Amino acid sequence: MKFTRREFLKTSALLGAGFSFLKPENLEAKEKKSKIKTEKIPSICNFCSTSCNITVTVKTKNNTKRITKIEGNKNSDLNRGKICARGQSGIFQTYDPNRIKTPLIRIKGSKRGEWKFKKATWEEAFKFIADTIKEKNIQPWQWAPVCSWISCVYYKPFSFSFFDANKIPNIIIAPIQHCVTTGHIGIDRL
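These lines cover the structure that appears in this document, whether it is placed above or below. Keep in mind it's a predicted model, so treat the numbers as computed, not measured.

About the cut-offs
- Residues numbered from 1 in each chain as written.
- Predicted model: local features only at pLDDT ≥ 70, side-chain atom pairs only at ≥ 80, totals over all residues.
- Heavy atoms only, no water.
- Phe/Tyr/Trp six-rings, centres within 6.5 Å; stacked < 30°, edge-to-face > 60°.
- Buried < 20%, exposed > 50% of the residue type's maximum accessible area, 1.4 Å probe, protein only.
- Lys NZ or Arg CZ within 6 Å of the ring centre and 35° of its normal.
- Pairing = 2+ DSSP bridges.
- Helix = DSSP H or I, 4+ residues; strand = E, 2+ residues; numbered from the N terminus.
- Axes fitted to C-alpha atoms, helices over the stretch in contact; angles between N-to-C directions.
- Salt bridge = Lys/Arg side-chain N within 4 Å of Asp/Glu carboxyl O.

Details of the packing of aromatic side chains
The description of an aromatic ring pair rests on the distance of the ring centres and on the angle between the ring planes.
And then number 1: Scanning the entire structure with this criterion turns up 2 aromatic pairs.
And then number 2: Ring centres of W115 and F117 lie 5.6 Å apart, and the angle between their planes is 65°; on these two criteria the pair is classed as edge-to-face.
And then number 3: Taking the relative accessible area as the measure of exposure, W115 reaches 69% and is therefore exposed.
And then number 4: Positioned above the aromatic ring of Y95, the side-chain terminus of R66 is 3.8 Å from the ring centre.

See below:
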């Protein structure tokens, strides 16, 4: 099929005229609808017992908030705007599709390592624990709670009250992790 120059110009003019009758999309309204709002929220890292000060960057789009970055808080006397790799990786823990979101109770008859659990509510989980303690007649001195994955700032208020109320004398607590201590010695020297 051959087009002459004249036919090309006629066709282009007709197409241009046709497009002018189309209703233009309201770009401003579309931009407002999908507007992204960014905010920096100060917080505290709970990946170790040091509890560094952090700044969490959160973006909001269509009323959905999502963490996009975790960094050290520049106004902190503790970590002076720096943060370790563990703290920065908190974003992955937040959005890990395999993270545990509800209590799990082992299915009766299954063994350790088989990973056979049923989802439970917190009420069911606490009742299961209480029933197991009664059934096995576990005495307070037989308990040995291990604390320290997160800072004692987080677990002391509720756990120590629980230990005291149940007269549990055995508590294993590491006051600070070795990796954190040496890391902060390095940061403080910078």
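A short note on the sheet that holds strand β2 (residues 53-61)
And then number 1: As summarised here, the arrangement of the 3 strands in space is β1-β2-β3, forming an open sheet in which the pairing is antiparallel. Across the chains shown, the open sheet's two edge strands, defined by having one partner strand only, are β1 (36-44) and β3 (64-72). Averaged over all neighbouring strand pairs, the angle between strand axes comes to 25°, with direction disregarded.
And then number 2: Across 9 bridges, the pairing between β1 and β2 is antiparallel. The residue bridging K37 from the neighbouring strand is T60, located in β2.

Re the pattern of salt bridges
And then number 1: Summed over all chains, the structure comprises 4 salt bridges.
And then number 2: The shortest N-O distance in the salt bridge between K65 and E39 comes to 3.2 Å. One end of the pair, K65, is in strand β3; the other, E39, is in strand β1, with 26 residues separating them in the sequence.
And then number 3: Look at E39 and you get partly exposed, because its relative accessible area is 23%.
And then number 4: When salt bridges with common partners are traced through the structure, they connect K40, K69 and E71 into a single cluster.

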